[in-house]
Amino acid sequence: MDKHRTIIEPFKIKVVEPLAMLTREQRVPILSSAGYNLFLVLAEAVTFDFLTDSGTTAMSANQWAAMMVADESYAGSRSFVKFEQVVQRLTGYDFVIPTHQGRAAERLLFEAVLKPGMKVPSNNHFDTTRANIEHIGAEAVDLVIEEGRDPTSTHPFKGNIDLAKLEEFCQKERSHIPFGMLTITNNTGGGQPASLENIRGASAIYRKHGIPFIIDACRFAENSYLIKIREKDQATRSVREIASEIFSLADGCMMSAKKDGLVNIGGFIALHDRTWVESLRSLLILTEGFPTYGGLAARDLEALAVGLEEVLDERYLEYRVAVTKYMAEGLNKAGIPTVQPPGAHAVYIDARAFLPHIPAHEFPGQALACELYLSEGIRSCEIGSAMFGHYSDEKGSKNFVPAQMELVRLAFPRRVYTQSHFDYILEAMSEIVAKKSSLKGLRLTYDPPFLRHFTARFEPVS
Ligand SMILES: *Cc1c(COP(=O)(O)O)cnc(C)c1O
């Protein structure tokens, strides 16, 4: 298309916020008093906040401008109509139900449709999706392809659902499946995309069995762009066309707009058919608000209406995917292994491969996350044994059941950090690599009864 090798940030900056610039000496006592848990470190002590890409986007001038003209009427707001039209045009679904974020959409849909004992297949359910399904007493079933579980596989669509397993599952369990799902991109499985061919295949199976198909569409634009650049015969289509086809293959979607909605809060359910709409709207009124605002301010709906259009800008998506690829390649070149191939929203460091001298019960991922903070002020998220490890019996290293993988996720906020930030981070990585064998594991000093990673406390093993 053009002759330049460098893919630039396709925006200029109008509002800036200073970065916290601390020294290692200042960070040491901060991390220690936070119990070596980065969730307990205040944001003001973090230089590069890669904890999550959720709700951390920088909004555009057009989004801020739209917020100023929002119509905050309780019912029938002009802002809702605008938002509804954008979602209808994007998805082709007639019924649009706003919610304050993704998990509120999940809670409403599952409460309206699921009963104990029912089963919901997907590639991988995201953790809040799984938790909300299990909360009803139903079962969340993961049917991702085998390659999706292997961090070294370079399959371009590791978010694909295993169609043979899905067909078999639908045949066997038809009467227990109220709807089937697919998460794009597959967040739990490393932010990996599903191919259009695979989504078509899943749709055909669900349709054959008369099972409604609901897409978890948090990163629909990133997934559509990865289809465009990785899948045969898709390069000449626009991302909007690809996204429209994806939505047309399903019967509805749920979305956390905090991802590809390019906003700080928001979500929605959109459906093709009226069947569930009445009960969803009744539940919405009970806990979220009137159907034309669903727990959001009208200004949030305005920002979202603009964000859902902006996210389809292919220059933006090209830059977004380039950032992740650049960081993965830079880390690999420095000697830090990552899950392959990189997706769009995050890079996942394989801490088990990087720190083989630290056993799982001493949390190699958490140890690496702590060192990234101490040496560079980076806040990352351990997705390994600190999050998912447990004890088969009494607490003690003998009974420790480690997580499947020991990953450290660097999730990139949208439109927030620049090329020089990423170069600065990569420059210092060789220091961490040089001293990696001296890095020590951690032991738990406080182990809360559930969702350990949010509040647990650790100390370094001596
Ligand atoms: C973030 C996320 C959700 C939940 O959305 P929230 O807005 O955080 O409540 C659901 N599914 C996927 C794939 C997500 O990434």
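What you see is a predicted model, and the numbers here were worked out from it, not measured in a lab.

Lay out the overall build of the chain in plain terms, naming residues and giving numbers.
Across its full length, the chain carries 17 helices and 16 strands. Since a compact globule built from 462 residues should have a radius of gyration of about 23 Å, the 22 Å found for the chain is in line with a globular shape. Along the longest, intermediate and shortest principal axes, the C-alpha atoms of the chain span 60 × 55 × 45 Å. Sorting the 462 residues of the chain into buried and exposed places 57% on the buried side. Taking as baseline every contact in the chain between residues at least 6 positions apart, the subset at least 24 positions apart corresponds to 72%. Each charge class in the chain was averaged separately, 50 positive and 57 negative side chains, and the resulting centres sit 1 Å apart.

Which residues make up the pairing of strand β2 (residues 95-99), and what values do they have?
The side chains of a regular strand alternate between both faces of the sheet. The element β2 is largely enclosed, with a buried count of five among its five residues. Residues Phe-95, Ile-97 and Thr-99 line one face of β2 and the alternating positions Val-96 and Pro-98 line the opposite face, and both faces are buried. Relative to strand β8 (residues 267-271), β2 runs antiparallel, the two being bridged by five bridges. In the sheet register, Thr-99 faces β8, and the bridge partner there is Gly-267.

Please set out the sheet that holds strand β14 (residues 407-411) residue by residue, giving values where relevant.
Taking strand neighbours across the sheet as the criterion, the three strands line up as β9-β14-β11 in an open arrangement whose pairing is antiparallel. Of all the strands in the sheet, just β9 (346-350) and β11 (381-383) have a single pairing partner and so form its edges. The mean angle between the axes of side-by-side strands here comes to 30 degrees, regardless of whether they run parallel or antiparallel. Most of the contacts of helix α12 (residues 314-334) go to β9, to which it runs at about 20 degrees, and overall it touches β9 and β14. Against the sheet, helix α14 (residues 364-376) makes contact with β9, β11 and β14, and its axis sits at roughly 40 degrees relative to β14, the strand it touches most.

Give a description of the sheet that holds β2 that names residues and reports values.
If you walk across this open sheet you meet the five strands as β2-β8-β7-β6-β5, and the pairing is mixed. Two strands lie at the open edges of the sheet, namely β2 and β5 (180-183), each paired on one side alone. Going across the sheet, the axis of each strand differs from the next one's by a mean of 15 degrees, ignoring polarity. Taken together, the four bridges between β5 and strand β6 (residues 213-216) define a ladder with parallel strand orientation. Directly across from Leu-182, in β6, lies its bridge partner Ile-215.

Hey, could you go over empty space enclosed by the protein for me, with residue numbers and the actual values?
All told, the structure shown has five cavities of 30 Å³ or more when counted by the stated rule. Lining the largest cavity are 14 residues, with Asn-37, Phe-39, Gln-366, Glu-382 and His-453 sitting closest to its centre. Every element with two or more residues in the lining of the largest cavity is listed here: α14, β11 and α17 (452-455). Considering only residue class, the lining of the largest cavity consists of eight nonpolar, four polar and two charged. Of the voids in this model, the second largest cavity is the one considered here, and its volume is about 50 Å³. Lining the second largest cavity, in full, are Tyr-319, Arg-320, Val-323, Phe-412, Pro-413, Arg-414, Arg-415, Val-416, Tyr-417 and Phe-422. No other element matches α12, which puts three residues into the lining of the second largest cavity. Across the lining of the second largest cavity, the residue classes break down as seven nonpolar, no polar and three charged.

Requested: an account of the domain arrangement of the chain, with residues and values cited.
What the domain assignment lists for the chain is domain 1 (24-53 + 314-460) and domain 2 (61-310). Taking only C-alpha atoms into account, the centre of domain 1 sits 28 Å from that of domain 2. Each partner contributes to the interface: domain 1 provides 21 residues, whereas domain 2 provides 29 residues. Taken together, both faces of the contact between domain 1 and domain 2 bury some 2,000 Å²; the carbon and sulfur share is 54%. Among the residues domain 1 hides against domain 2, the three largest losses belong to Glu-314, Leu-317 and Pro-341. Together they make up 25% of the total.

Quick rundown of the packing of helix α3 (residues 78-91) against helix α9 (residues 239-248)? Include the residues and the values.
Direction vectors running N to C along α3 and α9 enclose 85 degrees, while the axes themselves pass 7 Å from each other. Considered as vectors, α3 and α9 are oriented roughly perpendicular to each other. Mapping the contact onto sequence places Arg-89, Leu-90 and Thr-91 in α3 and Arg-240, Ser-244 and Phe-247 in α9. Class assignment for the residues of the contact of α3 with α9 results in two nonpolar, two polar and two charged.

Lay out helix α5 (residues 127-135) in plain terms, naming residues and giving numbers.
Listed as buried for α5 are Thr-128, Thr-129, Asn-132 and Ile-133. Seen end-on, α5 carries its buried residues on one side only, within an arc spanning 135 degrees. As for α5, its buried residues are in contact with α4 (102-113), β3 (119-122), β4 (139-142), β5 and β6. One or two residues past the end of α5 sits Gly-137, with phi positive at roughly 95 degrees.

An account of the site of the ligand is needed here, citing residue identities and associated values.
Near the ligand lie 15 residues; those nearest to it are Gln-101, Arg-103, Asp-216, Ser-256 and Lys-259. Within the side chain of Arg-103, an N or O atom sits 2.7 Å from an oxygen atom of the ligand. A distance of 2.8 Å separates a nitrogen atom of the ligand from a polar side-chain atom of Asp-216. With the chains in place, 98% of the 380 Å² that the ligand exposes on its own is no longer accessible. If one sorts the elements of the shell around the ligand by residue count, α4 sits on top with three residues. Here the shell around the ligand is built from residues that sort into two nonpolar, seven polar and six charged.

Explain the pattern of salt bridges to me, using residue names and the numbers behind them.
Applying the stated criterion across every chain yields a total of 31 salt bridges. Residue Arg-107 is joined to Glu-111 by a salt bridge in which the shortest nitrogen-to-oxygen separation is 2.8 Å. Of the two residues, Arg-107 and Glu-111 are both situated in helix α4; the distance of four residues between them amounts to about one turn of the helix. Among the residues examined, Glu-111 registers a relative accessible area of 39% and is labelled partly exposed.

Each value, and the rule that gives it
Residues numbered from 1 in each chain as written. Predicted model: local features only at pLDDT ≥ 70, side-chain atom pairs only at ≥ 80, totals over all residues. Heavy atoms only, no water. Helix = DSSP H or I, 4+ residues; strand = E, 2+ residues; numbered from the N terminus. Rg over C-alpha atoms; globule rule 2.2 N^0.38 Å. Buried < 20%, exposed > 50% of the residue type's maximum accessible area, 1.4 Å probe, protein only. Contact = heavy atoms within 4.5 Å. Lys, Arg positive; Asp, Glu negative; His and termini not counted. Charge placed at Lys NZ, Arg CZ, Asp CG, Glu CD. Pairing = 2+ DSSP bridges. Axes fitted to C-alpha atoms, helices over the stretch in contact; angles between N-to-C directions. 1 Å grid on protein atoms, 1.4 Å probe; cavity = no way out; pocket = protein on both sides within 12 Å on 5 of 7 lines; lining within 4 Å. Points joined across faces, edges and corners; volume = space filled by probe spheres on them. Nonpolar A, V, L, I, M, F, W, Y, C, P; charged D, E, K, R; others polar. Domains from an automatic or database assignment. Buried area = accessible area lost by both parts, 1.4 Å probe. Parallel < 35°, antiparallel > 145°, perpendicular 65-115°, else oblique. Arc of directions from axis to C-beta. Near = heavy atom within 4 Å. Polar contact = N/O pair within 3.5 Å; in protein donor to acceptor, adjacent residues only side chain to side chain. Areas by Shrake-Rupley, 256 points an atom, 1.4 Å probe, with all protein chains shown as cover. Salt bridge = Lys/Arg side-chain N within 4 Å of Asp/Glu carboxyl O.

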